[in-house]
Structure formats: C-alpha cells, structure tokens
Amino acid sequence: LTGYYYGGEGMGATFFGTDGLTATGQKRDSNGGYMQATYVLPVKTKIGVAYGISSIDRAAGETAANTLVKDQERYTVGAYHPLTKHLNLVAEYTSQEIKNKVAAGTAVSKTERDTISIGAILFF
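Okay, so let's go over this structure. (Residues numbered from 1 in each chain as written. Predicted model: local features only at pLDDT ≥ 70, side-chain atom pairs only at ≥ 80, totals over all residues. Heavy atoms only, no water.)

**Quick notes on the pairing of strand 2 (residues 29-40)**
Here is step 1: With 8 bridges connecting them, strand 1 (residues 2-9) and strand 2 associate as antiparallel partners. Counted as the bridge partner of Tyr5 is Gly33 from strand 2.
Here is step 2: Here strand 2 folds back onto strand 3 (residues 46-56) in antiparallel fashion, the turn holding 5 residues, of which Lys44 has a positive phi close to 75°. (Pairing = 2+ DSSP bridges. Helix = DSSP H or I, 4+ residues; strand = E, 2+ residues; numbered from the N terminus.)

**Considerations on a nonpolar patch on the surface**
Here is step 1: Together, Val49, Val77, Tyr93, Ile116 and Ile118 give the surface a local cluster of nonpolar side chains, amounting to about 530 Å² of exposed area.
Here is step 2: Positionally, Ile118 belongs in strand 6 (residues 108-122).
Here is step 3: On the basis of relative accessibility, which here comes to 75%, the residue Ile118 falls in the exposed class. (Patch = residues over 30% accessible without salt bridge, like charges linked within 9 Å, V, L, I, M, F, W, Y side chains within 5 Å. Areas by Shrake-Rupley, 256 points an atom, 1.4 Å probe, with all protein chains shown as cover. Salt bridge = Lys/Arg side-chain N within 4 Å of Asp/Glu carboxyl O. Buried < 20%, exposed > 50% of the residue type's maximum accessible area, 1.4 Å probe, protein only.)

**Overview of the packing of aromatic side chains**
Here is step 1: Under the counting rule described, the total for this entry stands at 2 aromatic pairs.
Here is step 2: Pairing Tyr51 with Tyr75 gives two aromatic rings, centres 4.9 Å apart and planes at 45°, and the pair type is tilted. Note that Tyr51 is positioned in strand 3 and Tyr75 in strand 4 (residues 68-82), a separation of 24 residues in sequence.
Here is step 3: Overall, Tyr51 belongs to the partly exposed group, its relative accessible area being 22%.
Here is step 4: Judged by relative accessible area, Tyr75 falls into the partly exposed class, the value being 46%. (Phe/Tyr/Trp six-rings, centres within 6.5 Å; stacked < 30°, edge-to-face > 60°.)

**Quick notes on the environment of Arg58**
Here is step 1: The topology assignment puts Arg58 in the loop between strand 3 and strand 4.
Here is step 2: As a C-alpha pair, Arg58 and Lys27 span 31 residues in sequence and 8.7 Å in three-dimensional space.

**What to know about the layout of surface pockets**
Here is step 1: Approximately 200 Å³ is the volume found for the largest pocket.
Here is step 2: Along its surface, the largest pocket is lined by 12 residues, and Gly52, Ile53, Ser54, Gln72 and Arg74 are the ones closest to its centre.
Here is step 3: Listing elements by their share of the lining of the largest pocket, those giving two or more residues are strand 1, strand 2, strand 3 and strand 4.
Here is step 4: Tallied by class, residues from the lining of the largest pocket come to 5 nonpolar, 5 polar and 2 charged. (1 Å grid on protein atoms, 1.4 Å probe; cavity = no way out; pocket = protein on both sides within 12 Å on 5 of 7 lines; lining within 4 Å. Points joined across faces, edges and corners; volume = space filled by probe spheres on them. Nonpolar A, V, L, I, M, F, W, Y, C, P; charged D, E, K, R; others polar.)

By themselves, these figures tell us nothing about what the structure is for.
Here it is as structure tokens:
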C-alpha cells in the first residue's frame, strides 16, 4: 500500500505547473493525492489498483475567461508478470477524467479517456 497527499500555492495541477499562476502572477491553490495497492499472487504475478486526483482553484477575485483545468482523476488497474529478473510483462487499463472550468459561473466541461496498455518493462 502507498499513498500521499499534497497541497500548495502556485504549483498548478498539470505538467510543469500549468495553471499555477494567473496572467498577473497571482498564485492559485492546488491539492491532490494518490493511493495504490498491489498484491503478488502465488504465481509471482503482481496485480494492482491505483487512484489519483489533482485539483486547482481560481485565485482570489479571479474572473478571467481563460480555460482552467479544475480536476484531473485517474484510475488504473494492472497486472505485472516477471518473465526473468530483468523483464516484466505488463497489462494496464486506465480511466482518466479531466474537468475544465472556462469562466466563473460557467458550466464545467469534461473529457474522459480510457486506455489499455500492453507491453514489457526492462530493468537494468
């Protein structure tokens, strides 16, 4: 089991601090977290589930009409089987939901994605 929570100002909710600051440099509050549970079966296959969320709020008094990523949520279910000490087969299903807020008082738009990944991990 693993998990964490974060909270901050000016960090943003996406890659490299996107939406962390307003156009005038005001910091936006953000918070989120991640939980994961895995279990190794007797056949050495590891199964796992994970959930993560990242949220960001408008800065005090901000009413700009720019698009703001409000929430991002992700669920992942996976199976990982070692073929050798250095090579694992991987199968994962991920469901992601992104909610955007356009302007204060405007309805929230939502984007959903489902992804299936199959591959291998090479450890060296």
